[in-house]
Amino acid sequence: MTTPSSISAPAEAVASAETVKPAGPGRGARFLRYLRRHPSVAFGGGLLVLMALIGILAPLLWTVDPTAISPARRTRMPSELYWFGTDMLGRDIYSRVIYGARVSLLVGFSVAILSSIIGLTIGLFAGFVRWADGIIMRIIDGMMSIPPILLAIALMALTRGSVGNVIVAITIAEIPRVARLVRGVVLSLREQPYVEAAVANGARVPRIIFRHILPNTFAPMSVQATYICASAMIVEAILSFIGAGVPPATPSWGNIMAEGRALWQVRPHIILFPAMFLSLTVLAVNLLGDGLRDSLDPRLAKSI
Amino acid sequence: MFAFVVRRIITTIPVMAFVALFVFSLLYIAPGDPAAIIAGDQASPADVERIRASLGLDRPYLIRFGEWSWRVLQGDLGTSIFTSLPVTQLIAQRIEPTVSLMILTLIFAVIVAVPMGVIAAWKAGSWIDKGAMAFAVLGFSVPVFVVGYLLAYLFALKLDWLPVQGYTPIAQGFWPWLKNLILPSITLGLVYIALIARITRATMLEVLQQDYVRTAQAKGVAQKDVLFLHSLKNAAVPIVTIVGIGIALLIGGAVVTESVFAIPGLGRLTVDAILRRDYPVIQGVVLMFSLVYVLVNLLIDLTYTLVDPRIRY
């Protein structure tokens, strides 16, 4: 969840990964060896792929229409017919949970990608355009002094609940952290001898950014992006849980839990199943992030 | 030192100004026309216009922001649309449960997390360390409300040790107050513990490699003194920093925890305000929480000199 802003040149990790190319085992074998050496990447990544498959293949996984209401079979216990039982409106919870993977993963990945791209742009700008740095950093400080969930809640209060709006709200809340991280990396890279050499050689700013700076932000950014993905999935569930997220009819894990709230003392399974799926998915992403952090930059692993 | 304190306080002014601007803009761009709402269904367009002018809603953005800021500085956060009560009064009514919950969680989390991190670092690589770090990953992964319902189901519903939900003001006795807050505090504390334990472990790992630690051990200082006196003191600054930054997690988590355990605090107030689109209340709560967050972290910055006498400004 936290990544120190003062990451000193994770250059070697990337560079050495590129120089091992000649000879040796093939790409597939090297990938397998990498997974064996970093079990948390293998486990987290595998679990995440499984969840993604569940979401994509939802219609084929013996599900029924997740929004189909049937008053006659309300609040059933789990059984052979309704694997996870039914909710207060008689909807099949198994189908809702399986379809719910789509919303969570969509929100998680979209927020991670969007906030990375926007944060990267802002961070690069602040790191290179010195006069803008002060202003940008004050704005970022201001945004970071509003707790992220509260910021997302406040933004959601302005709009209708929809998956798109949830993504935008969480992205805005996450951007400052990425921007600050990238700026820190840029500032430390600018002092590196090879960047100074490039400047001395007369390289223009775009070339320095794209050839020397950008590739080195990749390692810390990808780690940060996985943590943002995990946190976005939790925030989405929280927003939906308190009724400020995706529309109630949409099957999302937060929504299913919100519906189970009134009945949790007698029908705890309504909350239990989506809770298990959500926790497992977030765990998978976090493990992936930890593994990436350890493998991309061993020095980072020690500091956090 | 004094110059530093002044400088540090001054740097929080632009931050709070930005927060204020954001919070004000929230109401400014919020859907729905306050003048039309106040005028009612029967009002003619001219009536609405007159009310708009009397409320000052027809004036430019920056002037309205200036006026609004001036009122906020005087302690006026506006009036709730739904209850017609002053927002400050609503916040005052709800502040006790939230403050109780957060302080209890803070104490509980620090008491658990710091020794956990210290021992994990001391026994680095052992099963204790692995167990503690696995717990930390789980703490980050299991959402607050899932923990809340699990604990409530187990300890309140099945074992019947603690009350399921609700809140008892501290004025009605310490034990009833505490009993209602035990489960919510554990729930809210889990992520916080994970965060603090991780940072404590990482910092301690570095400190334990220092020469003075080896010297202390060579002198025959008891292991617990080496860990908790010699080393922990030197690891204090990052730990205290993360305790402050983590308050953001507590604030976000309180909103959810209070919903799960039916605690009538500021979190509940926020959720209700969202559902009713009661913008002045949302504004007030966001502004207040942010102010608290900024002030706590300011305070922590200022206490560095107490924690670590080597730091001088």
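Cut-offs applied
Residues numbered from 1 in each chain as written. Chains lettered and ligands numbered in written order. Predicted model: local features only at pLDDT ≥ 70, side-chain atom pairs only at ≥ 80, totals over all residues. Helix = DSSP H or I, 4+ residues; strand = E, 2+ residues; numbered from the N terminus. Buried ≥ 20, exposed ≤ 12 C-beta atoms within 10 Å, placed from the backbone. Contact = placed C-beta atoms within 7 Å. pLDDT = per-residue confidence, 0-100. Expected span 1.5 Å × (residues − 1). Bend = angle between axes of the 7 residues up to and from the residue. Nonpolar A, V, L, I, M, F, W, Y, C, P; charged D, E, K, R; others polar.

> How do you make sense of the overall build of chain B when you look at a structure like this?
Counting its secondary structure elements, chain B contains 14 helices and 0 strands. Counted from the first residue to the last, chain B has its helices and strands arranged as α-α-α-α-α-α-α-α-α-α-α-α-α-α. Along the three orthogonal principal directions, the C-alpha set of chain B runs to about 85 × 55 × 35 Å. Taken over 313 residues, chain B has a buried fraction of 36%. Looking at chain B alone, contacts between residues at least 24 apart form 71% of all its contacts between residues at least 6 apart.

> Explanation requested: the overall build of chain A in the structure shown.
In terms of regular secondary structure, chain A is built from 12 helices and 0 strands. Sequence-ordered secondary structure for chain A, helices as α and strands as β, is α-α-α-α-α-α-α-α-α-α-α-α. Out of the 304 residues in chain A, the part that is buried amounts to 46%. Taking all contacts inside chain A whose residues are at least 6 apart in sequence as the whole, residues at least 24 apart take part in 74%.

> How should the environment of Thr67 of chain A be read in this particular structure?
All names here are of chain A. Residue placement: Thr67 occurs in the loop between helix H3 (39–56) and helix H4 (93–128). Its 14 C-beta neighbours within 10 Å are what place Thr67 among the partly exposed residues. Each C-alpha atom, one on Thr67 and one on Ala154, is 28 Å from the other, the two residues being 87 residues apart in sequence. Those residues in contact with Thr67 that sit more than four places away from it in its chain are Arg91 and Ala249.

> Sorry if this is basic, but what is going on with the confidence of the model for chain A here?
Detail in the predicted coordinates should be disregarded across regions flagged by low pLDDT. Residues and elements named next belong to chain A. Mean pLDDT over chain A works out to 79, with 83% of the residues at or above the 70 mark. Per-element confidence in chain A is highest for H4, whose mean pLDDT is 89, and lowest for helix H1 (residues 11–19), whose mean pLDDT is 44. Between residues 1–21, whose pLDDT stays under 50, and residues either more than four places distant or in other chains, the model counts 40 contacts.

> Explain the environment of Leu114 of chain A to me, please; I cannot follow it from the model alone.
Residue and element names in this part refer to chain A. Checked against the element boundaries, Leu114 lands in helix H4. Judged by the 20 C-beta atoms lying within 10 Å of it, Leu114 is buried. Along the sequence, Leu114 and Tyr34 sit 80 residues apart, while their C-alpha atoms lie 28 Å from each other.

> Just checking my understanding: could you explain helix H7 (residues 144–158) of chain B for this structure?
Residues spaced three or four apart along an α-helix point in a common direction, a consequence of the helix completing one turn every 3.6 residues. Taking 1.5 Å of rise per residue, the 15 residues of H7 of chain B would be expected to cover 21 Å, and the 20 Å separating its terminal C-alpha atoms lies within 8% of that figure. At Ala152 of chain B, H7 of chain B shows its strongest bend, of approximately 30°. Turning to H7 of chain B, its buried residues are Val144, Phe145, Val146, Val147, Gly148, Tyr149, Leu151 and Ala152 of chain B. The inward-facing, buried residues of H7 of chain B abut helix H9 (205–241), helix H10 (253–260) and helix H11 (269–296) of chain A together with helix H8 (174–207) and helix H12 (247–260) of chain B. Note on H7 of chain B: the residue one or two positions beyond its end, Asp160 of chain B, has a positive phi of about 60°.

> I tried to follow the interface of chain A and chain B on my own but got confused; where do I start?
At the interface, 38 residues of chain A touch 40 residues of chain B. Of all the secondary structure elements, the ones that give two or more residues to the side of chain A that touches chain B are helix H5 (130–144), helix H6 (148–158), H9, H11 and helix H12 (298–303) of chain A. The element contributing the most residues to the side of chain A that touches chain B is H11 of chain A, with 9 residues. Along the lines of polarity and charge, the residues of the side of chain A that touches chain B split into 27 nonpolar, 7 polar and 4 charged.

> I would appreciate a short explanation of the environment of Ala30 of chain B in the present structure.
Along the chain, Ala30 of chain B falls in the loop between helix H1 (2–29) and helix H2 (34–39). Taking C-alpha positions, Ala30 of chain B is 9.2 Å from Arg277 of chain B, a pair spaced 247 residues apart along the chain. Discounting chain neighbours no more than four positions away, the residues touching Ala30 of chain B are Leu158 of chain A together with Tyr279 of chain B.

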